[in-house]
Structures are given as C-alpha cells and as structure tokens.
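Architecture at a glance
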Amino acid sequence: MAQTEYIIIRAQEDGVNVIGLTRGNDTKFHHTEKLDKGEVMIAQFTEHTSAMKIRGKAEVHSAYGIIESESKK
Ligand code: TRP
C-alpha cells in the first residue's frame, strides 16, 4: 500500500538517476528515472518500492529533512 508521505527529489545537475528498488525477498532495480538540472520528482514508497537510490547531485526532501547527494568526483 502506498504511504501518505511523498519524497521530493530535485536534481542539481543533469543526468541524476532515481532508482526504485523492489520490496520483498530480493532487492532489484525496477525503475530508473533520469532527471535533468532543476527537474523535480515527487514519489512515494509503495508495495513495489521499498528503497530508492539517488545517483548524482540532488536535494532529497523528506519527513527526515533535506539530504544532499553529491556527484561522483
Ligand atoms: N510503479 C512504481 C511503484 O509503484 C513507481 C514508483 C513509486 C517509483 N515510487 C518510486 C519508481 C520511486 C522509482 C522510485 O513502485
């Protein structure tokens, strides 16, 4: 079941990847979304998605506050 909370990812560079990882016994990538600078993705954790991996420089806004991911040097 989808939660009521959303997390918001704001890309701070081109080519940020938001990767959804499956819920259940195995943990696999099931979806990759590419964001360019300034683009925003609003997403929930669902019955299909238990984790997200953010690759690239972005701001992640959630109930836990704002976290910044960094780009690989
Ligand atoms: N169909 C996916 C799902 O319901 C969509 C999705 C929800 C998603 N949250 C996500 C994709 C986070 C990537 C990252 O699980």
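Structure shown above.
**Some details on the sheet that holds strand S6 (residues 58-62)**
The strand order S4-S1-S6-S7 describes an open sheet built from four strands, whose pairing is antiparallel. Edge positions in the open sheet fall to strand S4 (40-43) and strand S7 (65-69), since each of these has one partner strand only. Put simply, the sheet's adjacent strands are angled 20° from each other on average, direction ignored. Pairing of strand S1 (residues 7-11) with S6 involves four bridges; the strand directions are antiparallel. Bridge pairing links Arg10 to Glu59 in S6.

**Some details on the sheet that holds strand S3 (residues 29-35)**
The strand order S3-S2-S5 describes an open sheet built from three strands, whose pairing is antiparallel. The open sheet terminates on both sides in strands that have one partner only, identified here as S3 and strand S5 (49-55). Pairs of neighbouring strands in the sheet enclose a mean axial angle of 20°, with direction left out of account. Bridging between strand S2 (residues 16-22) and S3 involves six bridges; their strand directions are antiparallel. For Gly20, the partnering residue across the bridge sits in S3 and is His31.

Reading guide: rules and limits
- Residues numbered from 1 in each chain as written.
- Predicted model: local features only at pLDDT ≥ 70, side-chain atom pairs only at ≥ 80, totals over all residues.
- Heavy atoms only, no water.
- Pairing = 2+ DSSP bridges.
- Helix = DSSP H or I, 4+ residues; strand = E, 2+ residues; numbered from the N terminus.
- Axes fitted to C-alpha atoms, helices over the stretch in contact; angles between N-to-C directions.

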